[in-house]
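One letter stands for each residue in the lines below.
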Amino acid sequence: MGLNKSLGQVVATYSTLIGLLYAFLGFMEILTGLGLSGGILSKILFMKGDMIAGAVLITTGVVYLAGVGSLSRGEREGLSFVVVGVLLSTVIFALYLSIMGANALGYILGFEDWVDWTWIDDVNPGLWLWFLTIPGIYISLKREWRE
Amino acid sequence: MVYTVALIGNPNVGKSVIFNNLVPGARQHVGNWPGKTVEKKEGRFHHKGVEFNAVDLPGCYSLTARAVDELIARDFIVEEKPDVVVDIVDASNIERNLYLTLLLLELEANVVIALNMYDIAEEKGYRIDVEKLSEQLGVPIVPTVAIRKQGMEELKDVILQTAERKVVRKTKITYPKEIETAINSITQIIQKDERLTRKYPVRWLAIRLLEGDEEVLEKIKGSKCEGELTKAISTDLRERLGEDPEIVLAEARYGIISNLLRTTLVKGAKKWTITDMLDKVFLHKALGIPVFLVLMWATFQFTFIVSAPFMSIIEAIIAWVGSLFEAIPNEILRSFFVDGIFGGLGFVMTFIAPIFFLFFALSILEDSGYLARAAFVMDRLMFKLGLHGKSFIPMLLGFGCNLPAIMATRTIEDEKDRLLTILINPLMSCSARLPVYVLVAGAFWGTTMYAGTAVWGMYILGIVLAILMAFFFRRTLLKGKPAPFIMELPLYRVPTFHGIVIHMWERGVVFLKKAGTYLLGGAITLWFLSSFPWGSEQSYVYLLGNLLSPIFKPLGFGWELSASLIFAFMAKEIVVEALGLIYAVEGETAIKAALASSITPLSGLAFMSFVLIYIPCLATIGVIKQETGSWKWVFLTVLYELILAYVVALMIVVVGRMLGFS
């Protein structure tokens, strides 16, 4: 089973949504870093104001969005952008998870730099957004769509 | 009885993985080939009660005398005559890989083929008749998937059988009639000299002479048939073949391979592989570079933040061991151990953690096949700025250590391209600078993401400056265009944990060796200069620092930082040792606090950039002299880097202040 047009459009819709979400939250992160956005929304979304991390989220979003055109035409090449988008999301997620683990280790061992650490300090959009890429992981692993 | 097994193959065929599968890590010995700077790996393994010594030969496409790697591999087979030569062939790229196989058969080596990456060949739709191919080549073939350790036991069995076989099967590669006639006439002449026939395979010698191999021409010098051979090669052949014999023979070999595969390989419809998918984005014109930057950012965040608690663990251990020396009654001796060794060298040792974390992350990128893509993506930009595509690999190696990176420029054929790459290589941020970044970034931004970003920024700054300086040199000292570049991209693979750990260890251990030599020497020197005259408020370091501090005053560096920069000439990590001794405080937290109270964050950033750019370390200077053969290029590198370091650091301070930072 290859990627037909209707299936491609479903994947394209997903790719658009996830891509826009990553890009939007990336912009929000930059705005927070610049002090132009703070407030309750930033807190709800766990914004940290790291501008480079914001640029990283935007790049990931753009990768998802770059495949939308070919996906909506049912071209399997569009799946490449979903696969790499998922890969980048996973790298970012794994990085933040490792950071959380490392900080937890520092806290458990009672080192000075980690005395005030709480797990919530390490929650950020790059971490929680990954859970929305689970359908993307399913798409990426679906071998027959690529053939 | 110990059998010698040589492993040979094209680059990126999984040769190292097979070597690691055969020889457990602890039994591997890494050194250099005699008289060469090429790494030599060997180690022993047992199979069914028989002992083998495996030697990992350098990866090569051919066995000519032009490239040092090929010469090493060839000389080993010719001179050492290993009992078995395991030729690792990439099954998914079998046509090109069999070229080396034919050369090995010409050498009359006792060949066993490991048909590796068999899974990828199958994924590509290849169906290889292994039995028939083995029969036609006259050598045993074992399909393997080394990364999953598949086929390893079978390979060991075949190595054992082949080693124990008394007579080496001489598979004759038959060339077209005209070439065969030429080979035969040369063979007849060689056979007159018993010294040559005893030492070298006669037919191989004839073929190499036909191809005009300079190294082989040297071998026949002094032979009683030298004159006759020289005459036969020069007159007879070129006229009869009408073309360069080397080209004729290469074409003939590819013809033989094509005939072999006609009956043994069926290529199904080309499937769209995962490599095709990933390359669509990783090599994308617009997205390739941003994706590369994202991955590098993740690498440095991982290096800096995740390693932080491990640094604290090492520091706690060193502090505990150091405290045992507090009981020494002699004041000077106590100071030597507590301040000099544990306060200075011990402090640098805490940076083992980020260095190993960096190499762990880079090994993942390399083993997965991504780093080659990064080189490809950057090549477009680099070519526009006057850099050769092959420059990227030495530049990338520069992230580890500038020393092997500069040596790796030997792969660049064009002299101007090579010189240019050598000149800019010290701007690539080697792992020795990492401790300085980690310390300064940590002093001002703690364990937050900003610290990781600042460290990443230094690496990016190094790349940007290298590119800008290349642009400048290309338009001034080294005018011209870079030579065109063809690059082979390996297939993507899921890296194995074992492989990553081995690569990380091989690179990280360089730091440990340095700790026992340069850094120990540096720690002792620094302790002496900062402690003497004993009991005086004004130590030698203080005097030196004060001498330099007027120069660094506009950058906001006090005498402490100025003095630390002098010693970094030996090795960049010594800056960290020096700061520990100069501030006369113990422990990472105390040094960070001392640093944060003596300079502003902006000056901290300027200090990081200064350490990144200014003069290469002593060993790098030595290798620049060795590789360029002239002090002129050494002086130029030192001079431009000193000026550039000062200008960039000053710009950071001035522009930063203008933007309202402090």
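Residues numbered from 1 in each chain as written. Chains lettered and ligands numbered in written order. Predicted model: local features only at pLDDT ≥ 70, side-chain atom pairs only at ≥ 80, totals over all residues.

Visitor: How would you explain the overall build of chain B if you had to name every residue and give the values?
Guide: Across its full length, chain B holds 31 helices and nine strands. Against the globule reference of 26 Å for 662 residues, chain B gives a C-alpha radius of gyration of 29 Å, in line with a compact fold. With respect to the principal axes defined by its C-alpha atoms, chain B has extents near 85 × 60 × 55 Å. Within chain B, buried positions represent 49% of all 662 residues. When contacts within chain B are restricted to residue pairs at least 6 apart in sequence, those whose partners lie at least 24 apart make up 73%. (Helix = DSSP H or I, 4+ residues; strand = E, 2+ residues; numbered from the N terminus. Rg over C-alpha atoms; globule rule 2.2 N^0.38 Å. Buried ≥ 20, exposed ≤ 12 C-beta atoms within 10 Å, placed from the backbone. Contact = placed C-beta atoms within 7 Å.)

Visitor: Lay out the confidence of the model for chain A with the relevant residues and their values.
Guide: Summing up the model confidence of chain A, the mean pLDDT is 90 and the portion of residues at 70 or higher is 95%. In the model of chain A, helix α2 (residues 39–44) of chain A stands out as the element of lowest mean pLDDT, 80, in contrast to helix α5 (residues 79–108) of chain A, which has the highest, 96. (pLDDT = per-residue confidence, 0-100.)

Visitor: So, the interface of chain B and chain A: which residues are in play, and what are the values?
Guide: Frequently, the measure chosen for interface size is the accessible area removed from exposure when the parts meet. With 26 residues of chain B at the interface, the matching set in chain A holds 30 residues. When contributions to the side of chain B that touches chain A are tallied by element, the ones reaching two or more residues are α13 (274–282), α14 (288–306), α15 (308–323) and α23 (449–475) of chain B. Per element, the largest residue contribution to the side of chain B that touches chain A is ten residues, and it comes from α14(B). Taken together, the residues of the side of chain B that touches chain A break down into 18 nonpolar, six polar and two charged. (Nonpolar A, V, L, I, M, F, W, Y, C, P; charged D, E, K, R; others polar.)

Visitor: So what's going on with the packing of α15(B) against helix α17 (residues 352–368) of chain B? Residues and values would help.
Guide: Residue and element names in this part refer to chain B. Axis separation between α15 and α17 bottoms out at 8 Å; the angle between their running directions is 145°. Taken as a pair, α15 and α17 cross one another with a handedness that is right-handed. Contacts between α15 and α17 pair Phe310, Met311 and Ile314 from the former with Ile352, Ala353 and Pro354 from the latter. Split by residue class, the contact of α15 with α17 holds six nonpolar, no polar and no charged. (Axes fitted to C-alpha atoms, helices over the stretch in contact; angles between N-to-C directions. Left-handed = near helix turned anticlockwise from the far one by under 90°.)

Visitor: Residues and numbers for the domain arrangement of chain B, please.
Guide: Residue and element names in this part refer to chain B. Here chain B is described as being made up of domain 1 (2–164), domain 2 (177–267) and domain 3 (288–481 + 501–658). For domain 1 and domain 2, the distance between their C-alpha centres works out to 25 Å. Listed per partner, the contact involves 20 residues of domain 1 and 18 residues of domain 2. Contributions of two or more residues to the side of domain 1 that touches domain 2 are made by α2 (68–80), α3 (94–106), β7 (126–128) and α5 (130–137). For the side of domain 1 that touches domain 2, the element with the most residues is α3, which contributes six residues. Split into classes, the residues belonging to the side of domain 1 that touches domain 2 amount to eleven nonpolar, three polar and six charged. (Domains from an automatic or database assignment.)

Visitor: Please give an account of unusual backbone geometry that cites residues and values.
Guide: All names here are of chain B. Along the chain, Phe532 connects to Pro533 via a cis peptide bond; the corresponding omega equals -5°. Relative to the helices and strands, Pro533 resides in the loop between α24 (497–531) and α25 (540–552). Even without glycine at this site, Lys48 takes up a positive phi of about 50°. With respect to the secondary-structure elements, Lys48 resides in the loop between β3 (39–47) and β4 (50–56). Judged by the 7 C-beta atoms lying within 10 Å of it, Lys48 is exposed. You will see that Met117, though not glycine, has its phi angle at about 55°, which is positive. Classification of Met117 as buried rests on a count of 30 C-beta atoms within 10 Å.

Visitor: Can you break down the nonpolar core residue by residue, with the values?
Guide: The tendency in soluble globular proteins is for nonpolar side chains to be buried side by side. Counting 167 residues, the largest nonpolar core has Val440(B) and Val455(B) as its most contacted members. Take this core: its biggest share by element is 14 residues, from α5(A). Setting aside chain neighbours within four positions, we find Val455(B) in contact with Phe300(B), Phe304(B), Tyr437(B), Val438(B) and Ala441(B). By size, the runner-up hydrophobic cluster in this structure holds 76 residues, among which are Leu22(B), Ile94(B), Val112(B) and Leu210(B). (Core = buried A, V, L, I, M, F, W, Y, C linked by C-beta atoms within 7 Å.)

Visitor: Lay out the pairing of strand β1 (residues 2–9) of chain B with the relevant residues and their values.
Guide: Residues and elements named next belong to chain B. The sheet contact formed by β1 and β4 spans six bridges and is parallel. Of the residues in β4, the one forming a bridge with Tyr3 is Phe52. In this structure, β1 lies alongside strand β5 (residues 84–90), joined through five bridges in parallel fashion. Of the residues in β5, the one forming a bridge with Gly9 is Ile88. (Pairing = 2+ DSSP bridges.)

Visitor: Would you mind going over the packing of helix α7 (residues 177–190) of chain B against helix α9 (residues 202–210) of chain B in detail, with residue names and values included?
Guide: Residues and elements named next belong to chain B. Close contact between α7 and α9 brings their axes to 9 Å; oriented N to C, the two are set at 120°. Where α7 crosses over α9, the handedness of that crossing is right-handed. Packed against α7, whose contacting residues are Ala182, Ile183, Ile186, Thr187 and Ile190, the element α9 presents Val202, Arg203, Leu205, Ala206, Ile207, Leu209 and Leu210 at the interface. Of the residues assigned to the contact of α7 with α9, the class counts are ten nonpolar, one polar and one charged.

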